[in-house]
Amino acid sequence: MLLSEMKEKQTATVVRVGGIGALRRRILEMGILKGTRIQVEKYAPLKDPVELIVKGYHVSLRVEEAAQITVENVK
Amino acid sequence: MIQKRLSIALAGNPNSGKTTIFNNITGTRQKVGNWPGVTVEKKEGNINKSGYDLKIIDLPGTYSLTPFSIEEIVARNFILDERPDVVIDIIDASNLERSLYLATQLREIDCKVLFALNMADVARTRGIKIDDKKLSELLAVPVVFTIGNKNKGINTLLKQAIELAESDYVIPEKRKVKYSKDIEDSISKIEHFIGNHAADSIPYNIRWTAIKLLEDDKIVKERVLEKTGKIGEDILREIHNQRNFLVDRFDDDPEIIMTDERYGFIAGIIMEVLTTSTKQRVDISRNVDLVLTNRFIGFPIFIFFIWAMFQLTFSLGAYPMDWISSGINLFSTLLAHVLPDNIFKDFLINGVIAGVGSVMIFLPNILILFFCIALFEDTGYMSRAAFLMDKIMHLIGLHGKSFIPMLMGFGCNVPAIMASRTLESEKDRTLTILITPFMSCSARLPVYIILAGAFFGAKAGTVIFGIYLLGIILSIITGRLFRSTLLRGDDAPFVMELPPYRIPMIKSLLIHMWDRSKLFLKKMGGYILAGSVVVWTLTAFPHNISYSKNYDLEIEQVKTYFQTEIEAAQESDKALLAQKLDVAVAELLTEKKAEKAEKSFMGRIGKVVAPIFSPIGIDWRGSVALLTGFVAKEIVVSTMGILYAADERENSEALKNALLSSGMTPIAALAMMVFVLLYMPCIATLAAIRRETASLKWMIFSISYSTLLAWGMAFLVYQGGTMIGV
Ligand SMILES: Nc1nc2c(ncn2[C@@H]2O[C@H](COP(=O)(O)OP(=O)(O)OP(=O)(O)O)[C@@H](O)[C@H]2O)c(=O)[nH]1
Ligand SMILES: [Mg+2]
């Protein structure tokens, strides 16, 4: 499943972070990497961007960027 | 005795409290705010402490030593190139795991690192416990707990930093990140290669250089080529081979694997030093945010906040404005009474007070506006505004983060343009810089208040709001236009940390206001004063003008005429006639003044430029005011103060009345406001544009584009308005 398909308040484990170049790198550096548990906190009123909780802090990503992240174990 | 100099750099993730601690140590007041990316350039401060002369450097925040945006490059380059004696890594203790990513990277360079576990209070309330001894032992670094905004632990921190600087400490290799075998092999191969061929010319730690090269770091690559010349190419070839080998082996880029492994190393540390109590707590910040960015009411609340900001600025600001205005009035009247009639009196009252005084009265409005913006920044709402607006900004080809400079632009365009440094993409930055000046800054406010107040009475508020709105709309259109022509390209990704809400510290807000007032008054005493003097001088000279008719003689004639009339008239008509006399004399005097003004140097300049402005309904005085306004937008008002209200007493009321009787129509006033909103930015803003885009071309472009747009829009407003007969 893709991160962008998750609903608010669901949690999941990251399987793979796709994408290219500097952005992918930055997402990883912010702690979103394979095996990390993440929670979708909410979507912005216009459904984009999405706010995540990772490693205890809040970060926002665009939905199209979230669509590069594969997750499993969605609860 | 000469004191020993030590340089101590404060580094760390964005929003971890570096500037707060910097201010505590040095006693300065650099800007602090609760959003990532407040500090965009390095700031230095000096203090003396236990016999040392310490140079403290506050750096912009960065998430890693592989920089993404300009301000991150600043931070990294400083640490690498200036080699501070000690780097204090300010870590947000409530966010330890991610913060350690930078920390582990810092320890790969050969510099002395010290950890400040800041925000210890936040960590505690979240039930996070950190075993500092263990952390210190595991990574072989000194660790100090601090609470930046309460000035706790700062002394210990400094003492430890000095101690560390004086020790001959080297980081034990085994306390550094160990990568997996294949990567370590590659690293040591590269290390050897460099060691054998170019050890002396590499300015950095060799292992670190090897790691960065393996990670394909552009800047390090360039540096190595620069320093080693021919051999550099061999080195890069070797790197290329190693990278290919690793890509083959892991099926992914080495830098990705290494990021992964660093976090693996960190996970091990976290397991040993961090315990979180499982007790459930209410996360107030999270609940607040659920409301403020709620699907249904998030936007209405946002719009309400912006509306409230302007509402407060205008309505609350009106009271102190009146007081200051009466104060200036009183002062001016007093001067008029005590000073003998001479040119100096004219200079003081009609030059200095008319000019500076007409702007001075807006201090309260401007302070309130800045106060509101500071509230956005200090509470953490700024990031949420970016979060809310990202989709809309995205539609016009911009970035949610671009909204932060735009919002700041309502205060002053200069820091707003600086704030665009946090944008990762060069094109986004340029675009944001070009549209920021359309955000109406506080300096333009006085012009609107005067003009709208004089011509639109009760509807002034709506008109001013409309002007602001026009600025926003035109910036959006401009953005869209440039994005699809001059600055084509995809917009950068939106990865942004959303910090928890914090209660702003009243003290720091007040200090901020105080600093703002000082800045404003300095501007008054500086170029507003200078501008007023110049404008007055040009208006007062030449002194001996050849008038088209002999006013003094005519006045005498009128007087004698009425005198005889009065004598001849009946008792009951005498008062009426006396009144008529006064009116006639006053009319002649006004006419004389007007002619004098027109024949002054200023009038001549005005006459030259007036043709440009007459299609937009602005007379020569307005034209001159607009010309002077490019120095600073407030000067538009002070010049109008001198040119229009040539009466004895100067205040906003007098200026308003003078404007009303000057023949200016409401639609012309509206055109003038539109022009002031849009036309070329003030000198300080232009300098900022030049500096931040590093190009004269963009600055000139900005001047031309905005001035042309201003003229065009004002033309539409004036001609259109006149046509439909408003
Ligand atoms: N609760 C708490 N808040 C703190 C502490 N230290 C700083 N803050 C707040 O954290 C926010 C960020 O502080 P800054 O000093 O601007 O952070 P910075 O690291 O300079 O941020 P950038 O310049 O954006 O990289 C401000 O709102 C501070 O008031 C602390 O120890 N505890
Ligand atoms: Mg800072």
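The structure under discussion appears in the preceding block.
Quick caveat: nothing in here was measured; it's all calculated off a predicted structure.

(A) Inspection of the coordination of the magnesium ion (ligand 2) at higher detail. Residue and element names in this part refer to chain B. Ligation of the magnesium ion (ligand 2) by protein atoms is provided by Thr19 (OG1) and Thr39 (OG1), these donors lying 1.9 Å from the ion. With threonine 19 in helix 1 (residues 18–26) and threonine 39 in the loop between helix 1 and strand 2 (43–49), the pair connects residues that are 20 residues apart, well separated along the chain. Residues threonine 19 and threonine 39 agree in their burial class; the two are buried.

(B) Quick look at unusual backbone geometry. The omega torsion across A:Asp48 and A:Pro49 is 0 degrees, close enough to zero to call that bond cis. Following the sequence through the fold, A:Pro49 ends up in the loop between strand 2 (37–43) and strand 3 (50–54). In the segment running from B:Phe541 into B:Pro542, the intervening peptide bond is cis, with an omega of -5 degrees. By the element assignment, B:Pro542 lies in the loop between helix 22 (506–540) and helix 23 (551–568). The phi torsion at A:Lys47 lies on the positive side, around 70 degrees, for a residue other than glycine. Relative to the helices and strands, A:Lys47 resides in the loop between strand 2 and strand 3. If you check the backbone angles, B:Ala694 has positive phi at about 50 degrees while not being a glycine. Note that B:Ala694 resides in the loop between helix 30 (683–693) and helix 31 (696–723).

(C) Expanded view of the packing of helix 29 (residues 666–678) of chain B against helix 31 of chain B. All names here are of chain B. Where helix 29 contacts helix 31, the axes come no closer than 8 Å and their chain directions differ by 165 degrees. Overall, the two elements helix 29 and helix 31 adopt an arrangement that is roughly antiparallel. The element helix 29 and its partner helix 31 pack so that their crossing is right-handed. For the pair helix 29 and helix 31, the contacting residues are Ile667, Ala668, Leu670, Ala671, Val674, Phe675 and Leu678 in the first and Ser706, Thr707, Leu709, Ala710, Trp711, Met713, Ala714, Val717, Tyr718, Gly721 and Thr722 in the second. Class assignment for the residues of the contact of helix 29 with helix 31 results in 14 nonpolar, four polar and no charged.

Criteria and cut-off values
- Residues numbered from 1 in each chain as written.
- Chains lettered and ligands numbered in written order.
- Predicted model: local features only at pLDDT ≥ 70, side-chain atom pairs only at ≥ 80, totals over all residues.
- Heavy atoms only, no water.
- Donors = N, O, S within 2.8 Å, 3.2 Å for Na, K, Ca; no water.
- Helix = DSSP H or I, 4+ residues; strand = E, 2+ residues; numbered from the N terminus.
- Buried < 20%, exposed > 50% of the residue type's maximum accessible area, 1.4 Å probe, protein only.
- Axes fitted to C-alpha atoms, helices over the stretch in contact; angles between N-to-C directions.
- Parallel < 35°, antiparallel > 145°, perpendicular 65-115°, else oblique.
- Left-handed = near helix turned anticlockwise from the far one by under 90°.
- Contact = heavy atoms within 4.5 Å.
- Nonpolar A, V, L, I, M, F, W, Y, C, P; charged D, E, K, R; others polar.

Functional significance is not addressed by these values, which are geometric in nature.
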